[in-house]
Amino acid sequence: MSHRATLTPQMLQYSEKFDDRGDIRWMPYLMYFHAAGHRSDVVNTDRLGFRVSHGPDGRTASVGGPLPEGPVRLFAGSSTSFGIGASADRHTLPSRLWSEHAPSLPWLNFAGRSHNSTQELLLFTLYRHLLPQVDEIVLFSGFNDLGLSRLPASVRGDSGAFFNCNDFHGQMEELRARNRKASAGRGLFGRRQPAPEPVDTRVPELSEQIDIGSELTLRHLDGWRLLAEGMGAKLTFVLQPLATWVREEPAPQEKLIFEELDRISNFGAAYGDISSMDARETYSKALRAGCERMGVRYLDSNPVIADAIGKDDWLFVDRIHFTDEGHDLVAGLLARELGLR
(Lines give C-alpha, C1' and ligand atoms only; values in the text may rest on other atoms or scores of the structure.)
Protein backbone atom coordinates (compact mmCIF):
# COMPACT_ATOMS: atom_id res chain seq x y z
CA MET A 1 0.00 0.00 0.00
CA SER A 2 1.35 3.43 -0.94
CA HIS A 3 2.24 5.62 2.05
CA ARG A 4 1.55 8.68 -0.10
CA ALA A 5 -1.94 7.51 -1.05
CA THR A 6 -2.73 6.63 2.56
CA LEU A 7 -1.29 9.74 4.22
CA THR A 8 -2.09 12.31 1.52
CA PRO A 9 -5.01 11.02 -0.59
CA GLN A 10 -5.67 14.53 -1.97
CA MET A 11 -2.47 14.27 -4.00
CA LEU A 12 -4.17 11.83 -6.36
CA GLN A 13 -6.53 14.60 -7.46
CA TYR A 14 -3.64 17.01 -8.01
CA SER A 15 -1.95 14.38 -10.18
CA GLU A 16 -4.95 14.27 -12.51
CA LYS A 17 -4.82 17.93 -13.53
CA PHE A 18 -2.15 19.84 -11.66
CA ASP A 19 1.26 18.23 -12.07
CA ASP A 20 3.55 17.30 -14.94
CA ARG A 21 1.90 13.89 -15.30
CA GLY A 22 -1.55 15.45 -15.46
CA ASP A 23 -3.57 17.29 -18.06
CA ILE A 24 -1.27 20.20 -18.91
CA ARG A 25 -3.06 23.25 -20.35
CA TRP A 26 -0.67 24.77 -22.88
CA MET A 27 -0.93 28.56 -23.10
CA PRO A 28 0.44 31.35 -25.32
CA TYR A 29 3.24 33.36 -23.69
CA LEU A 30 2.99 31.57 -20.30
CA MET A 31 3.69 28.11 -21.81
CA TYR A 32 1.20 26.47 -19.41
CA PHE A 33 -1.35 27.26 -16.71
CA HIS A 34 -3.98 25.46 -14.65
CA ALA A 35 -7.13 23.83 -15.97
CA ALA A 36 -9.85 26.47 -16.19
CA GLY A 37 -13.21 26.01 -14.50
CA HIS A 38 -12.04 22.87 -12.68
CA ARG A 39 -14.33 21.58 -9.94
CA SER A 40 -13.54 19.04 -7.23
CA ASP A 41 -13.63 18.70 -3.46
CA VAL A 42 -9.86 19.38 -3.35
CA VAL A 43 -9.15 22.19 -5.83
CA ASN A 44 -11.35 24.62 -7.77
CA THR A 45 -10.30 27.13 -10.40
CA ASP A 46 -12.11 30.01 -12.05
CA ARG A 47 -12.72 30.70 -15.76
CA LEU A 48 -9.05 31.67 -16.22
CA GLY A 49 -7.45 28.91 -14.12
CA PHE A 50 -6.72 30.86 -10.92
CA ARG A 51 -7.44 28.99 -7.70
CA VAL A 52 -10.32 30.16 -5.53
CA SER A 53 -9.40 31.54 -2.10
CA HIS A 54 -11.64 31.46 0.97
CA GLY A 55 -12.22 34.15 3.56
CA PRO A 56 -14.29 34.52 6.72
CA ASP A 57 -18.05 33.95 6.73
CA GLY A 58 -17.91 31.71 3.68
CA ARG A 59 -16.70 34.41 1.31
CA THR A 60 -14.68 33.37 -1.75
CA ALA A 61 -12.83 35.24 -4.48
CA SER A 62 -10.50 34.69 -7.41
CA VAL A 63 -8.79 36.74 -10.09
CA GLY A 64 -11.13 35.55 -12.85
CA GLY A 65 -14.20 35.11 -10.67
CA PRO A 66 -16.19 37.31 -8.32
CA LEU A 67 -13.90 39.99 -6.89
CA PRO A 68 -14.45 41.78 -3.59
CA GLU A 69 -15.02 45.50 -3.54
CA GLY A 70 -12.20 47.73 -2.40
CA PRO A 71 -8.50 46.89 -1.98
CA VAL A 72 -7.13 43.35 -2.03
CA ARG A 73 -3.87 41.59 -1.28
CA LEU A 74 -2.14 39.21 -3.68
CA PHE A 75 -0.33 36.00 -2.80
CA ALA A 76 1.89 35.16 -5.77
CA GLY A 77 4.45 32.52 -6.62
CA SER A 78 4.49 28.97 -7.90
CA SER A 79 2.94 25.66 -6.82
CA THR A 80 3.49 26.12 -3.08
CA SER A 81 1.66 29.45 -3.25
CA PHE A 82 -1.03 27.84 -5.42
CA GLY A 83 -1.53 25.31 -2.63
CA ILE A 84 -0.49 21.93 -4.00
CA GLY A 85 -0.88 19.58 -1.04
CA ALA A 86 -3.87 21.32 0.55
CA SER A 87 -6.86 18.99 1.00
CA ALA A 88 -9.23 21.82 -0.03
CA ASP A 89 -9.10 25.42 -1.29
CA ARG A 90 -9.76 26.77 2.21
CA HIS A 91 -6.41 25.35 3.43
CA THR A 92 -4.07 27.18 1.02
CA LEU A 93 -1.78 29.96 2.24
CA PRO A 94 -3.88 32.87 0.82
CA SER A 95 -7.05 31.27 2.22
CA ARG A 96 -5.56 30.82 5.69
CA LEU A 97 -4.30 34.41 5.66
CA TRP A 98 -7.69 35.77 4.59
CA SER A 99 -9.85 33.60 6.81
CA GLU A 100 -7.72 33.52 9.96
CA HIS A 101 -4.30 35.11 10.28
CA ALA A 102 -4.55 38.41 8.33
CA PRO A 103 -8.24 38.94 7.50
CA SER A 104 -8.42 42.73 7.32
CA LEU A 105 -8.32 42.57 3.48
CA PRO A 106 -9.15 39.76 1.03
CA TRP A 107 -6.26 37.67 -0.33
CA LEU A 108 -6.28 36.51 -3.96
CA ASN A 109 -4.36 33.44 -5.11
CA PHE A 110 -2.15 34.75 -7.94
CA ALA A 111 0.12 31.71 -8.25
CA GLY A 112 1.05 29.49 -11.19
CA ARG A 113 2.02 25.85 -10.69
CA SER A 114 5.60 25.11 -11.84
CA HIS A 115 6.22 28.70 -12.88
CA ASN A 116 9.67 30.23 -12.77
CA SER A 117 10.24 33.91 -11.98
CA THR A 118 9.78 34.90 -15.64
CA GLN A 119 6.38 33.23 -15.76
CA GLU A 120 5.35 34.63 -12.36
CA LEU A 121 6.01 38.16 -13.57
CA LEU A 122 4.41 37.54 -16.95
CA LEU A 123 1.28 36.13 -15.31
CA PHE A 124 0.94 39.34 -13.33
CA THR A 125 1.40 41.59 -16.35
CA LEU A 126 -1.19 39.62 -18.34
CA TYR A 127 -3.94 39.73 -15.72
CA ARG A 128 -3.36 42.71 -13.44
CA HIS A 129 -5.89 44.75 -15.48
CA LEU A 130 -8.64 42.64 -13.90
CA LEU A 131 -7.74 43.59 -10.35
CA PRO A 132 -9.24 46.19 -8.07
CA GLN A 133 -6.89 48.34 -6.00
CA VAL A 134 -4.01 46.21 -4.70
CA ASP A 135 -2.77 47.07 -1.22
CA GLU A 136 -0.07 44.44 -0.78
CA ILE A 137 1.75 41.72 -2.74
CA VAL A 138 3.54 38.80 -1.10
CA LEU A 139 5.72 36.92 -3.59
CA PHE A 140 6.39 33.53 -1.98
CA SER A 141 8.90 31.97 -4.33
CA GLY A 142 12.56 31.33 -5.10
CA PHE A 143 13.04 27.58 -5.44
CA ASN A 144 12.18 26.98 -9.09
CA ASP A 145 14.76 29.38 -10.53
CA LEU A 146 17.44 27.69 -8.46
CA GLY A 147 16.23 24.17 -9.25
CA LEU A 148 16.11 24.89 -12.98
CA SER A 149 19.54 26.56 -12.99
CA ARG A 150 21.04 23.06 -12.98
CA LEU A 151 19.95 22.63 -16.60
CA PRO A 152 22.52 23.42 -19.32
CA ALA A 153 22.80 26.80 -20.99
CA SER A 154 21.30 25.44 -24.22
CA VAL A 155 17.85 25.26 -22.56
CA ARG A 156 18.18 28.09 -20.03
CA GLY A 157 18.43 30.81 -22.67
CA ASP A 158 18.25 34.47 -21.62
CA SER A 159 15.23 34.18 -19.32
CA GLY A 160 15.88 30.89 -17.54
CA ALA A 161 14.75 27.32 -18.06
CA PHE A 162 11.17 26.31 -17.42
CA PHE A 163 9.57 23.00 -16.53
CA ASN A 164 8.87 20.82 -19.58
CA CYS A 165 11.38 22.91 -21.56
CA ASN A 166 13.03 19.76 -22.91
CA ASP A 167 9.71 18.84 -24.54
CA PHE A 168 9.50 22.32 -26.06
CA HIS A 169 13.07 22.36 -27.37
CA GLY A 170 12.71 18.79 -28.66
CA GLN A 171 9.63 19.71 -30.67
CA MET A 172 11.30 22.84 -32.03
CA GLU A 173 14.35 20.85 -33.10
CA GLU A 174 12.13 18.33 -34.89
CA LEU A 175 10.47 21.21 -36.74
CA ARG A 176 13.84 22.68 -37.71
CA ALA A 177 15.03 19.27 -38.87
CA ARG A 178 11.97 18.88 -41.10
CA ASN A 179 12.55 22.33 -42.56
CA ARG A 180 16.21 21.52 -43.24
CA LYS A 181 15.21 18.29 -44.93
CA ALA A 182 12.56 20.03 -47.04
CA SER A 183 15.08 22.55 -48.31
CA ALA A 184 17.67 19.82 -48.98
CA GLY A 185 20.22 21.69 -46.93
CA ARG A 186 20.00 24.81 -49.08
CA GLY A 187 18.67 28.24 -48.16
CA LEU A 188 17.56 31.10 -50.39
CA PHE A 189 19.34 31.36 -53.76
CA GLY A 190 20.69 27.83 -53.33
CA ARG A 191 23.23 28.65 -50.65
CA ARG A 192 23.91 25.72 -48.32
CA GLN A 193 22.60 26.26 -44.79
CA PRO A 194 25.12 26.02 -41.97
CA ALA A 195 25.09 22.98 -39.73
CA PRO A 196 23.42 23.43 -36.32
CA GLU A 197 25.63 24.77 -33.54
CA PRO A 198 26.81 22.13 -31.05
CA VAL A 199 24.65 21.99 -27.92
CA ASP A 200 26.17 22.84 -24.53
CA THR A 201 25.09 20.09 -22.11
CA ARG A 202 27.39 20.99 -19.21
CA VAL A 203 25.77 21.03 -15.77
CA PRO A 204 26.84 24.20 -13.91
CA GLU A 205 28.72 23.98 -10.64
CA LEU A 206 26.75 24.71 -7.49
CA SER A 207 28.14 28.24 -7.11
CA GLU A 208 27.15 29.00 -10.70
CA GLN A 209 23.68 27.58 -10.13
CA ILE A 210 23.22 29.91 -7.16
CA ASP A 211 24.45 32.87 -9.24
CA ILE A 212 22.04 31.98 -12.07
CA GLY A 213 19.08 31.43 -9.76
CA SER A 214 19.59 34.58 -7.72
CA GLU A 215 20.23 36.78 -10.78
CA LEU A 216 17.02 35.64 -12.48
CA THR A 217 14.94 35.93 -9.32
CA LEU A 218 16.21 39.43 -8.57
CA ARG A 219 15.95 40.58 -12.19
CA HIS A 220 12.27 39.72 -12.32
CA LEU A 221 11.65 40.89 -8.77
CA ASP A 222 12.76 44.33 -9.93
CA GLY A 223 9.96 44.19 -12.49
CA TRP A 224 7.51 43.36 -9.71
CA ARG A 225 8.90 46.32 -7.74
CA LEU A 226 8.30 48.78 -10.55
CA LEU A 227 4.75 47.54 -11.11
CA ALA A 228 3.97 47.50 -7.38
CA GLU A 229 5.26 51.07 -6.97
CA GLY A 230 3.10 52.22 -9.86
CA MET A 231 0.06 50.62 -8.21
CA GLY A 232 0.86 51.97 -4.76
CA ALA A 233 1.20 48.42 -3.39
CA LYS A 234 3.65 47.15 -0.78
CA LEU A 235 5.85 44.30 -2.06
CA THR A 236 7.53 41.57 -0.01
CA PHE A 237 9.67 38.69 -1.31
CA VAL A 238 9.63 35.54 0.81
CA LEU A 239 12.08 32.73 0.08
CA GLN A 240 9.85 29.68 0.22
CA PRO A 241 10.80 26.67 2.31
CA LEU A 242 12.22 23.36 1.18
CA ALA A 243 11.98 20.43 3.59
CA THR A 244 15.75 19.95 3.60
CA TRP A 245 16.31 23.69 4.09
CA VAL A 246 14.11 23.65 7.20
CA ARG A 247 15.59 20.63 9.04
CA GLU A 248 18.02 17.81 8.49
CA GLU A 249 15.72 15.00 9.68
CA PRO A 250 12.13 14.86 8.39
CA ALA A 251 9.11 14.02 10.51
CA PRO A 252 8.14 10.31 10.52
CA GLN A 253 5.34 10.73 7.96
CA GLU A 254 7.59 12.85 5.73
CA LYS A 255 10.31 10.21 5.83
CA LEU A 256 7.90 7.53 4.58
CA ILE A 257 6.59 9.75 1.78
CA PHE A 258 10.02 11.08 0.72
CA GLU A 259 11.47 7.57 0.46
CA GLU A 260 8.52 6.45 -1.64
CA LEU A 261 8.80 9.47 -3.94
CA ASP A 262 12.55 8.92 -4.35
CA ARG A 263 11.88 5.44 -5.70
CA ILE A 264 9.89 7.12 -8.48
CA SER A 265 12.21 10.10 -9.08
CA ASN A 266 15.20 10.69 -6.83
CA PHE A 267 15.15 14.28 -5.58
CA GLY A 268 18.88 14.40 -4.85
CA ALA A 269 19.78 13.12 -8.31
CA ALA A 270 17.48 15.68 -9.95
CA TYR A 271 18.51 18.74 -7.93
CA GLY A 272 22.02 17.98 -6.75
CA ASP A 273 23.55 19.98 -3.93
CA ILE A 274 21.04 22.84 -3.86
CA SER A 275 18.98 20.99 -1.24
CA SER A 276 21.67 21.44 1.41
CA MET A 277 21.48 23.91 4.29
CA ASP A 278 24.71 25.57 3.12
CA ALA A 279 23.32 26.11 -0.39
CA ARG A 280 20.17 27.69 1.05
CA GLU A 281 22.21 30.01 3.24
CA THR A 282 24.36 31.18 0.31
CA TYR A 283 21.33 31.61 -1.95
CA SER A 284 19.38 33.47 0.73
CA LYS A 285 22.31 35.80 1.37
CA ALA A 286 22.42 36.74 -2.32
CA LEU A 287 18.67 37.32 -2.45
CA ARG A 288 18.67 39.38 0.73
CA ALA A 289 21.47 41.62 -0.57
CA GLY A 290 19.62 42.14 -3.86
CA CYS A 291 16.37 42.97 -2.09
CA GLU A 292 18.17 45.49 0.11
CA ARG A 293 19.65 47.18 -2.96
CA MET A 294 16.25 47.64 -4.59
CA GLY A 295 14.38 48.43 -1.38
CA VAL A 296 12.15 45.34 -1.29
CA ARG A 297 11.30 43.74 2.05
CA TYR A 298 12.79 40.23 2.30
CA LEU A 299 12.10 37.21 4.49
CA ASP A 300 13.73 33.79 4.43
CA SER A 301 10.94 31.56 5.76
CA ASN A 302 13.17 28.53 6.38
CA PRO A 303 14.78 29.50 9.72
CA VAL A 304 11.48 31.02 10.86
CA ILE A 305 9.69 27.71 10.30
CA ALA A 306 12.55 25.71 11.81
CA ASP A 307 12.31 27.71 15.04
CA ALA A 308 8.54 27.14 15.25
CA ILE A 309 8.32 23.34 14.90
CA GLY A 310 9.18 20.20 16.80
CA LYS A 311 10.96 17.22 15.32
CA ASP A 312 7.74 15.24 14.82
CA ASP A 313 5.61 18.04 13.37
CA TRP A 314 4.38 16.93 9.95
CA LEU A 315 4.55 19.87 7.51
CA PHE A 316 5.30 18.51 4.02
CA VAL A 317 3.45 16.20 1.61
CA ASP A 318 6.63 16.20 -0.48
CA ARG A 319 9.80 18.26 -0.15
CA ILE A 320 8.22 21.51 -1.39
CA HIS A 321 4.46 21.37 -0.65
CA PHE A 322 2.58 21.54 2.66
CA THR A 323 0.01 19.55 4.57
CA ASP A 324 -3.05 21.44 5.80
CA GLU A 325 -1.33 21.92 9.15
CA GLY A 326 1.78 23.16 7.37
CA HIS A 327 -0.22 25.72 5.42
CA ASP A 328 -1.85 27.03 8.59
CA LEU A 329 1.43 27.19 10.50
CA VAL A 330 3.26 29.03 7.71
CA ALA A 331 0.38 31.46 7.15
CA GLY A 332 0.46 32.34 10.84
CA LEU A 333 4.22 32.82 10.78
CA LEU A 334 4.00 35.05 7.70
CA ALA A 335 1.35 37.19 9.38
CA ARG A 336 3.53 37.54 12.45
CA GLU A 337 6.85 38.16 10.70
CA LEU A 338 5.44 40.58 8.12
CA GLY A 339 3.10 42.39 10.49
CA LEU A 340 0.01 41.42 8.50
CA ARG A 341 -3.41 42.05 10.04
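In what follows, the structure referred to is the one given above.
What counts and what doesn't
Residues numbered from 1 in each chain as written. Predicted model: local features only at pLDDT ≥ 70, side-chain atom pairs only at ≥ 80, totals over all residues. Heavy atoms only, no water. Helix = DSSP H or I, 4+ residues; strand = E, 2+ residues; numbered from the N terminus. Rg over C-alpha atoms; globule rule 2.2 N^0.38 Å. Buried < 20%, exposed > 50% of the residue type's maximum accessible area, 1.4 Å probe, protein only. Contact = heavy atoms within 4.5 Å. Areas by Shrake-Rupley, 256 points an atom, 1.4 Å probe, with all protein chains shown as cover. Axes fitted to C-alpha atoms, helices over the stretch in contact; angles between N-to-C directions. Parallel < 35°, antiparallel > 145°, perpendicular 65-115°, else oblique. Left-handed = near helix turned anticlockwise from the far one by under 90°. Nonpolar A, V, L, I, M, F, W, Y, C, P; charged D, E, K, R; others polar. Expected span 1.5 Å × (residues − 1). Pairing = 2+ DSSP bridges. Polar contact = N/O pair within 3.5 Å; in protein donor to acceptor, adjacent residues only side chain to side chain. Core = buried A, V, L, I, M, F, W, Y, C linked by side-chain atoms within 4.5 Å. Phe/Tyr/Trp six-rings, centres within 6.5 Å; stacked < 30°, edge-to-face > 60°.

Caption draft 1: Structural context of the overall build of the protein. Looking only at helices and strands, the protein features 15 helices and nine strands. For a compact globule of 341 residues, the expected C-alpha radius of gyration is about 20 Å, and the protein comes in at 21 Å, within 12% of that figure. When its C-alpha atoms are laid out on the principal axes, the protein stretches across 70 × 45 × 45 Å. Residues classed as buried in the protein amount to 52% of the 341 residues present. Within the protein, contacts between residues separated by at least 24 positions form 74% of all contacts whose residues are at least 6 apart in sequence. Per element, the accessible surface of the protein, about 15,700 Å² overall, is 52% carbon and sulfur.

Caption draft 2: Spotlight on unusual backbone geometry. Of note in this structure, Met-31 is not a glycine but carries a positive phi near 80°. A relative accessible area of 21% places Met-31 in the partly exposed class. Residue Asp-57 is not a glycine yet carries a positive backbone phi of 60°. A residue is classified by how much of its surface remains accessible, and Asp-57, at 76% relative accessible area, is exposed.

Caption draft 3: Geometry of the packing of helix α5 (residues 117-127) against helix α9 (residues 206-231). Their axes nearest at 9 Å, the elements α5 and α9 cross at an angle of 20°. As the angle between them shows, α5 and α9 are arranged roughly parallel. As α5 packs across α9, the resulting crossing turns out to be left-handed. In this structure, α5 uses Ser-117, Thr-118, Glu-120, Leu-121, Phe-124 and Thr-125 to contact α9, whose residues at the interface are Leu-216, Thr-217, His-220, Gly-223, Trp-224, Leu-227 and Met-231. The residue inventory of the contact of α5 with α9, partitioned by class, reads six nonpolar, six polar and one charged.

Caption draft 4: Examining α9 more closely. Look at α9: 37 Å from first C-alpha to last across 26 residues, which is about the 38 Å you get at 1.5 Å a residue. Just downstream of α9, Gly-232 is the residue with a positive phi angle, here 75°.

Caption draft 5: Just the pairing of strand β7 (residues 134-141), in detail. Of all eight residues in β7, seven are buried; the element is thus mostly enclosed. Across six bridges, strand β5 (residues 72-77) lies against β7 in parallel orientation. Within β7, the residue paired with Arg-73 across the bridge is Glu-136. Taken together, the six bridges between β7 and strand β8 (residues 234-239) define a ladder with parallel strand orientation. In the sheet register, Glu-136 faces β8, and the bridge partner there is Lys-234.

Caption draft 6: Local environment of the side chain of Gln-240. Here Gln-240 shows up in the loop between β8 and α10 (243-246). Polar side-chain contacts of Gln-240 include one of 3.1 Å to the backbone nitrogen of Phe-143. If we ignore the near neighbours within four places in the chain, the residues touching Gln-240 are Thr-80, Phe-140, Ser-141, Gly-142, Phe-143, Trp-245, Ser-301, Asn-302 and Ile-320.

Caption draft 7: Seen up close, the nonpolar core. Among the nonpolar cores identified, the biggest contains 80 residues, and Leu-74, Phe-110, Ile-137, Leu-221, Trp-224 and Phe-237 are the most heavily contacted of them. With six residues, the top contributor of residues to this core is helix α15 (residues 324-338). Discounting chain neighbours no more than four positions away, the residues touching Ile-137 are Leu-74, Phe-124, Trp-224, Ala-228, Ala-233, Lys-234, Leu-235 and Thr-236. Phe-18, Val-43, Ala-86 and Ala-111 belong to the second largest nonpolar core, which has 10 residues in total.

Caption draft 8: Structural context of the side chain of His-321. Locating His-321 in the fold gives a position in the loop between α14 (301-308) and α15. At 2.6 Å, the side chain of His-321 forms a polar contact with the side chain of Ser-79. His-321 has contacts with Ser-79, Thr-80, Ile-84, Leu-315 and Phe-316, leaving out every residue within four places of it along the chain.

Caption draft 9: Representation of the packing of aromatic side chains in the model. The final tally for this structure, using the stated rule, is 17 aromatic pairs. When the centroid spacing of 5.6 Å and the interplanar angle of 75° are considered together, the rings of Phe-110 and Phe-124 count as edge-to-face. With Phe-110 in strand β6 (residues 107-111) and Phe-124 in helix α5, this pair connects stretches of sequence that are 14 residues apart. For Phe-124, a relative accessible area of 0% puts it in the buried group. Between the aromatic rings of Phe-143 and Phe-267, the centroid separation amounts to 6.5 Å while the plane-to-plane angle is 20°, which identifies the pairing as stacked.

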